[in-house]
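Each chain, letter by letter, is given below.
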Amino acid sequence: MTDSSSRPTAPVAPRRDTVRSHHGEDVTDSYEWLRDKTDPEVIAHLEAENAYTEAVTSHLEGLRGRIFTEIKERTQQTDLTVPVRHRDWWHYTRTIEGQQYGVHARIAVGDSPDRPVLDPGVVPQGEQILLDGNAEAQGQEFFSLGAYDVSADGELLAYAVDSSGDERFDLRIKDLSTGEVIDEAVTGIGYGTAWSADSSTIFYTRVDDAWRPHQVWRHEVGGSADEDVLVYQEDDERFWMGIGASRDDRHIMIGLGSKNTSEVRLLPSEDPTGEFRVVAPREEGVEYDVDPAGDHLWVVHNKVHRDFELAVAPLGATSSEQWRTVIEGEDGIRLSGVEAFSGHVVLSLRENGLTQLQILPLSVDGRPVGRGYQVPVEEEVYTIETSSNPTYDTDALLVVIESLVTPSSVYELDLLSGALELLKRQPVLGGYDPDDYQQHRLWATASDGTRVPISLVARKGVTPDGTNPGLIYGYGSYEISIDPYFSVSRLSYLDRGVVYAIAHIRGGGEMGRGWYEQGRLEHKTNTFTDFVSCADELVESGWVAPDRLAAEGRSAGGLLMGAILNLAPERFRVVHAGVAFVDALSTILDPTLPLTVGEWEEWGNPLESAEIYQLMRGYTPYENIRAVDYPAILATTGLNDTRVFFVEPAKWVARLRETVTSDPACAPILLKTEMVAGHGGKTGRYDAWHEVAFEIAFMLDQLGATQTS
């Protein structure tokens, strides 16, 4: 760190008090004024924070450069994905050394049905480029796709572009025979599109003022947006929506869901001006997902069992009374999704904290034959999931298997025999050998006696001797599971002796629906105490030194970071909170914001309930900072983030600095704002690597682990 005589001075945000009044309590907020990004003073403050962050971390420039180079040199920069067949074409994405974005392309199937073997460094004969992200992003600091959808006849491409990070997209339709964009009439849409069968009509979503997708519109290709037709509007503010097509392209599908209730509507794609049919009217607390297949609908639902069950229904079903159970629900075995093909059904599930795929063969009349089989994986901790499988009539399935030490690997599964053939494993250059690393499953004991799984990875030779630096990552909300995954950038930690762990805490979905329910609403604080228990387990088991533990989380995981800092600041040496939901109570009290009405089923409604208000008041990070020593803190955000507004980490950092007692020379509190980015940060791969290198360098410096072993 810099000495005190040359230490940069942290920006001080002026205090401008506003008062929030609810349930008989007045709360003074001195930094709410930072919310307005159109205010030049707000922008000036963020820029001053960025300058301070850069000054405090300037001594890490060399380390950042080394980490960026490590990521770059371990990545096969000119590469391509496994070709996936859809109708008469093999589709794939190429990346090219020196270019930020992928090139989406295809080649004709031709006379041979066999998957082509392509050389990453050679443009295949007959290649047709559908979308070059580098050309689309030219002149833009940010580029993201919200839709990429080839029409049923293969002649048109609909894609949607965001150039700021606010997740509102402009729709473009390209004639693939000429490469010309023939329609740019529709702007400001949400995620997703769906084509009619004759490729003359496309459906898209629009979002309301709170960024909630709430409408589906129909657009005639080449027509004016003023002539578009509103085909569905969702007025219940708890519900979000998505639009897409069934695997066989016979149906347009609208999926509607709150945090605990869902509804699916179908429309034959041959009848784009028809009426959408409800598969089963929404019932409060009943969630279901549907995959049409031939004359049946395959349904995963929780109407009977909280961990869901598998059912089948007639194609024209309009009620849950028509669902016939195929696999009953079972405690601890969470059925998470179904994909139906002409001869098989693929069921995604999780058990004992790990994902699984179960294959169910179908008879000629589309009924299941027995219980099928599970796709085997031989590692201690891993993730298995289906890949892109757009072809309905197939006897082969692409699946992806990875772990903390095994790079992402695409296999072709013979559905009839169950045999797996490795098609491609993510290349990791520089002599990477998975045998140089070790992975383990640990279990922490929570304060209420619950056993909480931890996935851990370290270099071989690192032993639990109580001296190692470590980093623990967590999320724990929305039933989202942080399953074991491989990361090239993580190697920059591991090769410097850092033990890396993922805490599978309650509020996530790793151990089934009950795991989620025990970490939401009135049980939310279990998420935070579970994480602290996992941190304690890493220390008590000897894997991490008590004074060398880092923590990291993003979004709702950023809320987790803020909460554990208030609960147990002494446990951690450094914390990274990305796009952090740290002013949760203020947000959930404001129904005009994106993360509010739809979130009441996750957090509770503090507007209506004094009990929920007091609960959130007790754990919201911004309102519970203590005047004690805190560890070093890095808060990162994006100015155009529409999910967690930049104001939350900006306010949090200001209040942290005025409250905590730690020495900023040893434990700096930093805010880094990307001025042209949203919730996911920078989009170009080299830009993203620089961003990751910055974060890793800061954490390693604080852990005293900057040298490779």
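Higher on the page you've got the structure.
**Structural notes on the nonpolar core**
Then, number 1: In terms of nonpolar packing, the biggest core is built from 74 residues, with Ile472, Phe531, Leu538, Phe572 and Trp652 touching the most fellow members.
Then, number 2: Counting residues in each nonpolar core, the second largest holds 44 residues, with Tyr432, Val488, Phe694 and Leu703 among its members.

**Some remarks on the pattern of salt bridges**
Then, number 1: Taken as a whole and assessed by the stated rule, the structure comprises 44 salt bridges.
Then, number 2: Residue Lys651 pairs with Glu32 through a salt bridge whose shortest N-O separation is 2.8 Å. Residue Lys651 is found in helix α11 (residues 647–659), and its partner Glu32 is found in the loop between β2 (25–29) and α1 (40–56); the two are separated by 619 residues along the sequence.
Then, number 3: Residue classification places Lys651 among the buried residues on the basis of a relative accessible area of 0%.
Then, number 4: According to the relative accessible area criterion, Glu32 is partly exposed, its value standing at 23%.
Then, number 5: With a shortest N-O distance of 2.9 Å, Lys424 and Asp79 are connected by a salt bridge. Within this pair, whereas Lys424 is found in strand β31 (residues 420–425), its partner Asp79 is found in strand β3 (residues 79–80), the two being separated by 345 residues in sequence.
Then, number 6: One salt-bridge network, held together by shared partners, links Asp29, Glu32, Arg35, Asp583 and Lys651.

**Description of the packing of helix α6 (residues 525–540) against helix α7 (residues 556–567)**
Then, number 1: At a minimum axis separation of 9 Å, α6 and α7 run at an interaxial angle of 70 degrees. Looking at the two axes, α6 sits roughly perpendicular to α7. Crossing angle aside, the handedness with which α6 passes α7 is right-handed. Residue-level inspection shows Thr527, Phe528, Thr529, Phe531 and Val532 of α6 in contact with α7, the latter providing Leu559, Leu560, Met561, Ala563, Ile564 and Leu567.

**Quick word on the packing of helix α2 (residues 61–74) against helix α12 (residues 685–703)**
Between two packed helices, both the angle of their axes relative to each other and the distance between the axes serve to describe the pair.
Then, number 1: At a minimum axis separation of 8 Å, α2 and α12 run at an interaxial angle of 130 degrees. Looking at the two axes, α2 sits oblique to α12. Crossing hand, α2 versus α12: right-handed. Taken together, the residues of α12 that come into contact with α2 (itself represented by Leu63, Arg64, Ile67, Phe68, Ile71 and Lys72) are Tyr686, Trp689, His690, Val692, Ala693, Phe694, Ile696, Ala697 and Leu700.
Then, number 2: When the residues that make up the contact of α2 with α12 are grouped by side-chain class, the tally is twelve nonpolar, one polar and two charged.

**Overview of the sheet that holds strand β16 (residues 240–245)**
Then, number 1: Strand order in the open sheet made by the four strands is β16-β17-β18-β19, with antiparallel pairing throughout. Taken across any chain shown, the strands that pair with only one partner, and hence form the sheet edges, are β16 and β19 (277–278).
Then, number 2: Summarising the sheet, strand β18 (residues 262–268) and β19 pair through two bridges and their orientation is antiparallel. Across the sheet, Leu266 pairs through a bridge with Arg277, a residue of β19.

Thresholds applied
Residues numbered from 1 in each chain as written. Predicted model: local features only at pLDDT ≥ 70, side-chain atom pairs only at ≥ 80, totals over all residues. Heavy atoms only, no water. Core = buried A, V, L, I, M, F, W, Y, C linked by side-chain atoms within 4.5 Å. Buried < 20%, exposed > 50% of the residue type's maximum accessible area, 1.4 Å probe, protein only. Salt bridge = Lys/Arg side-chain N within 4 Å of Asp/Glu carboxyl O. Helix = DSSP H or I, 4+ residues; strand = E, 2+ residues; numbered from the N terminus. Axes fitted to C-alpha atoms, helices over the stretch in contact; angles between N-to-C directions. Parallel < 35°, antiparallel > 145°, perpendicular 65-115°, else oblique. Left-handed = near helix turned anticlockwise from the far one by under 90°. Contact = heavy atoms within 4.5 Å. Nonpolar A, V, L, I, M, F, W, Y, C, P; charged D, E, K, R; others polar. Pairing = 2+ DSSP bridges.

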